[in-house]
Amino acid sequence: MTPALHKLLRAHYHDLKGYVSAGMEVEKDETRIFMNANENPYMLPGLEGLSRYPEPQPPALLEAYARAYGVEADQIVMTRGADEAIAVLVKLFCEPHKDAILICPPTFGIYGVDARSMPAGVVEVPLLKQDGTFTLDTDGIVQAVKNAANGIKIVFLCSPNNPTGTSFDHEGISVLCEKLEGEAVVVLDETYAEFSQAGSMCADLASTPNLIILRTLSKSYALAGMRMGCFICGDTDFIHLARTKALEAYPLPRTSIEAAFHALSPEISAIVHENIRKILAERNRLEKALQESAQVVHIYPSDANFLLVKMKDATGFHAFAAQNNMILRDFSDKPGTENCLRISIGTPEENERLLELLQAFS
Ligand SMILES: Cc1ncc(COP(=O)(O)O)c(C=O)c1O
């Protein structure tokens, strides 16, 4: 393992013996009789193939992820959504009652929740508001890591960021990783990368030892219901350790494995890319149309499949939309997003309905 991660990993993980499940001991094939995992020999009609435990990290699916993200299969840990990847990384690096993570609000809430549940500390270095958009306070982040009383083990960055939609400059993130090497891991959440002009930093993983990237099939691949995501890191020893010591015995449901495999096939991937194009075209159309509304104060530039919209009365419109069967997300009570709604881009018809409701509310 590279010194950058070796030093930051919770010490007991180095010697911990991971669980060896029955499925890990021998390869499953249909020519043999398996009586080693207390599985049920009677498959149910319509549920064939589900009576056996799934492979923990199926190699063919790792290869498919690797092709999709332009990395190597041995750089990936597949998890139940990016959500599980976040929890696993917090568990691997943060010593309870001692360490901390750093977040840049307004951002995705799970980082803080997972840290507090350890419990680990949460240090906030808010995004800066500049010219109607948000930027990373990279100097503030470096200062906070250097000055922290408790060790800040993970700096969570989200690009494009939820809920603001902002992408952060890759060059700036690279410099930040370099400055923090040996002090903190940078976990870059690229949940929305496929929608983004900025693209991914996966190509930087090989040269950036303290960078870990989160990806998911939930958004661009429309598989939120299947809970398939991953984390990726250039340090293959770290990846091996995480797979064998930090995951549950059978982390991925068989149906989810199959769905992910299908979604990543060339045929379905082509549809995925066409859908991304449609969503982005709709985002641009919706943004223009929203700008015409007297209710809308500002729309933050978005590099994702949603818009953060500052309104005259966000909470009022949120309630009005809900009364009319349209559910939006109100961020009014969060610092930095006062009077803001986050609106996911829907189909053209759904977006039209939103505009009608806004007109009716005005
Ligand atoms: C920034 C960010 N990270 C992670 C997730 C969780 O994604 P998944 O569905 O892969 O668990 C979300 C979901 O909304 C998100 O917005």
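In this report, the structure presented in the accompanying data block is examined. (Residues numbered from 1 in each chain as written. Predicted model: local features only at pLDDT ≥ 70, side-chain atom pairs only at ≥ 80, totals over all residues. Heavy atoms only, no water.)

Details of the site of the ligand
Part 1 of the argument: For the ligand, the set of nearby residues contains 14 residues, the closest of which are Ala82, Asp189, Thr216, Ser218 and Arg227.
Part 2 of the argument: The side chain of Arg227 places a nitrogen or oxygen atom 2.7 Å from an oxygen atom of the ligand.
Part 3 of the argument: Computed on the free molecule, the ligand has an accessible area of 390 Å², of which 92% lies beneath the protein chains in the complex.
Part 4 of the argument: Looking at the shell around the ligand element by element, the count peaks at three residues for helix H5 (residues 81-93). (Near = heavy atom within 4 Å. Polar contact = N/O pair within 3.5 Å; in protein donor to acceptor, adjacent residues only side chain to side chain. Areas by Shrake-Rupley, 256 points an atom, 1.4 Å probe, with all protein chains shown as cover. Helix = DSSP H or I, 4+ residues; strand = E, 2+ residues; numbered from the N terminus.)

Points about the pairing of strand E8 (residues 211-216)
On any regular strand, side chains alternate: one points to one face of the sheet, the next to the other face.
Part 1 of the argument: For E8, the buried fraction is high: six of the six residues fall into the buried class.
Part 2 of the argument: The side-chain alternation of E8 yields two buried faces, one formed by Leu211, Ile213 and Arg215 and the other by Ile212, Leu214 and Thr216.
Part 3 of the argument: By the bridge criterion, four bridges tie strand E7 (residues 185-189) to E8 in an arrangement that is parallel. For Leu188, the partnering residue across the bridge sits in E8 and is Ile213.
Part 4 of the argument: Note: E8 against strand E9 (residues 229-233), five bridges, orientation antiparallel. Paired with Arg215 across the two strands is Cys230, which belongs to E9. (Buried < 20%, exposed > 50% of the residue type's maximum accessible area, 1.4 Å probe, protein only. Pairing = 2+ DSSP bridges.)

What about the packing of helix H12 (residues 314-323) against helix H13 (residues 348-361)?
Part 1 of the argument: Between H12 and H13, the least distance of the axes is 10 Å, while the angle of their chain directions is 120°. When the axis of H12 is compared with that of H13, the two are oblique. Considering how the two elements wind past one another, H12 and H13 form a crossing that is right-handed. Facing H12, whose interface residues are Gly316, Phe317, Phe320 and Ala321, H13 presents Leu354, Leu357, Leu358, Ala360 and Phe361.
Part 2 of the argument: For the contact of H12 with H13, the per-class residue count stands at eight nonpolar, one polar and no charged. (Axes fitted to C-alpha atoms, helices over the stretch in contact; angles between N-to-C directions. Parallel < 35°, antiparallel > 145°, perpendicular 65-115°, else oblique. Left-handed = near helix turned anticlockwise from the far one by under 90°. Contact = heavy atoms within 4.5 Å. Nonpolar A, V, L, I, M, F, W, Y, C, P; charged D, E, K, R; others polar.)

Observations concerning the nonpolar core
Part 1 of the argument: One finds Tyr65, Ile141 and Leu157 to be the most contacted residues of the largest nonpolar core, which totals 59 residues.
Part 2 of the argument: No other element matches the six residues that helix H4 (residues 59-69) contributes to this core.
Part 3 of the argument: Lining this core are residues from two domains, each supplying at least three of them: domain 1 (3-21 + 56-264) and domain 2 (268-361).
Part 4 of the argument: Setting aside its immediate chain neighbours within four residues, Leu157 contacts Cys104, Leu136, Ile141, Ile173, Leu176, Val186, Val187, Leu188 and Asp189.
Part 5 of the argument: Judged by nonpolar contacts, the second largest core, of 34 residues, contains Leu5, Ala85, Val90 and Val187. (Core = buried A, V, L, I, M, F, W, Y, C linked by side-chain atoms within 4.5 Å. Domains from an automatic or database assignment.)

A closer look at the pattern of salt bridges
Part 1 of the argument: Tallied over the full model, the rule gives 15 salt bridges.
Part 2 of the argument: A salt bridge links Arg80 to Glu248; the nearest nitrogen and oxygen atoms lie 3.3 Å apart. Note that Arg80 is positioned in the loop between strand E1 (76-79) and H5 and Glu248 in the loop between helix H9 (236-245) and helix H10 (254-263), a separation of 168 residues in sequence.
Part 3 of the argument: Between Glu282 and Arg285 there is a salt bridge, with its nearest N and O atoms 2.9 Å apart. Of the two residues, Glu282 and Arg285 both sit in helix H11 (residues 266-291), three residues apart, roughly one turn of that helix.
Part 4 of the argument: In this structure Arg285 comes out as partly exposed when scored by relative accessible area, which is 30%.
Part 5 of the argument: Through salt bridges with shared partners, a single ionic network connects Arg80, Glu84 and Glu248. (Salt bridge = Lys/Arg side-chain N within 4 Å of Asp/Glu carboxyl O.)

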